[in-house]
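Secondary and tertiary structure notes
Single-letter residue listing:
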Amino acid sequence: MYTDMSIDIGSIIVRTPDVRGGKPHIAGTGITVHRIVRWYKQGRSPEQIADEYSHVTLAQVYAALSYYHANQSEIEAELASEDADIARLERETRAVSPGV
């Protein structure tokens with residue numbers, strides 16, 4: 001698709017304090033770079049992600065992945081922290097509600 005407008009690639013991924021806790025996300029959406037990376041690591045292609053979430057363009061998905069690769073150590077540390085929080089909450093839930 002041809003467009004007469006060019007998009008500043010630096011405007012695709014933003015950080016806004018009141019959106020998703022300030023995590024980098026696709027401008028105009030609540031979809032974080034972290035979410036795109038998790039889907040990608042689960043084996044979804046950028047095209048599949050864009051197709052599944054119709055309000056996100058393929059360019060936005062690639063911008064999120066580019067942001068990830070440019071800031072990989074930071075994003076990986078944040079993902080590991082999220083995983084640790086999830087594991088802790090699951091342990092706490094099992095301890096409070098055995099058999100659930």
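Attention in this report is confined to the structure presented alongside it. Values in this document were obtained by computation on a predicted structure and should not be read as measured data.

**Section: the packing of helix α1 (residues 33–41) against helix α4 (residues 72–96)**
In the contact formed by α1 and α4, the axes pass within 11 Å of each other and the chain directions differ by 80°. With respect to each other, α1 and α4 are oriented roughly perpendicular. Contacts between α1 and α4 pair Val 33, His 34, Val 37, Arg 38 and Lys 41 from the former with Ile 75, Glu 76, Glu 78, Leu 79, Glu 82 and Asp 83 from the latter. Here the contact of α1 with α4 is composed, by residue class, of 4 nonpolar, 1 polar and 6 charged.

**A word on the packing of aromatic side chains**
This model, assessed by the stated rule, comprises 1 aromatic pair. Judged by centre distance (4.3 Å) and plane angle (10°), the rings of Trp 39 and Tyr 53 are stacked. Of this pair, Trp 39 sits in helix α1 while Tyr 53 sits in the loop between α2 (46–52) and α3 (58–70); the two residues are 14 residues apart in sequence, bridging distant segments of the chain. The class for Trp 39 is buried, based on a relative accessible area of 9%.

**Focus: the pattern of salt bridges**
Oppositely charged side chains can pair when the atoms bearing their charge come close. Within this structure, the stated rule accounts for 7 salt bridges. Glu 82 serves as the salt-bridge partner of Arg 38, at 3.1 Å between the closest nitrogen and oxygen. Taken together, the positions of Arg 38 in helix α1 and Glu 82 in helix α4 put the pair 44 residues apart, joining distant regions of the chain. On the accessibility criterion, Glu 82 (19% relative accessible area) is buried. Here Asp 83 ties to Arg 38 by a salt bridge, and the two come within 2.9 Å at their closest N and O atoms. Separated by 45 residues along the polypeptide, Asp 83 in helix α4 and Arg 38 in helix α1 bring together distant segments of the chain. Note on Asp 83: relative accessible area 39%, which makes it partly exposed. Among the charged side chains, a salt-bridge network with shared partners connects Lys 23, Arg 38, Glu 82 and Asp 83.

Parameters at a glance
The numbers attached to residues start from 1 for each chain and follow its sequence in the written order. Given that the model is predicted, a residue must reach a pLDDT of at least 70 before its local features are reported, and side-chain atom pairs must reach 80 or more before they are shown or counted; all residues, however, enter totals for whole chains, interfaces and linings. Hydrogens and water molecules were not included; the side-chain quantities draw on all heavy atoms of the structure. The convention used is that axes are lines fitted to C-alpha atoms, helices contributing only their stretch in contact, and that angles between N-to-C directions extend from 0 to 180 degrees. Labels follow the DSSP assignment, with helices taken as runs of H or I lasting at least four residues and strands as runs of E lasting at least two, numbered in each case from the N terminus. Roughly parallel refers to an angle under 35 degrees, roughly antiparallel to one over 145, roughly perpendicular to one between 65 and 115, and oblique to any angle outside these ranges. Between two residues, a contact is recorded if the distance between any of their heavy atoms is within 4.5 Å. Three categories are distinguished: nonpolar for Ala, Val, Leu, Ile, Met, Phe, Trp, Tyr, Cys and Pro, charged for Asp, Glu, Lys and Arg, and polar for the others, with Gly belonging to the last. Two rings belonging to Phe, Tyr or Trp (six-membered ring only in the last case) form a pair when the distance between their centres is within 6.5 Å. Interplanar angles under 30 degrees mark stacking, angles over 60 mark edge-to-face geometry, and anything in between is tilted. Remark: exposure states derive from per-residue accessible area (1.4 Å probe, protein chains only) relative to the maximum for the residue type, with buried under 20%, exposed over 50%, and partly exposed in between. One speaks of a salt bridge when a side-chain nitrogen belonging to Lys or Arg is within 4 Å of a carboxyl oxygen belonging to Asp or Glu.

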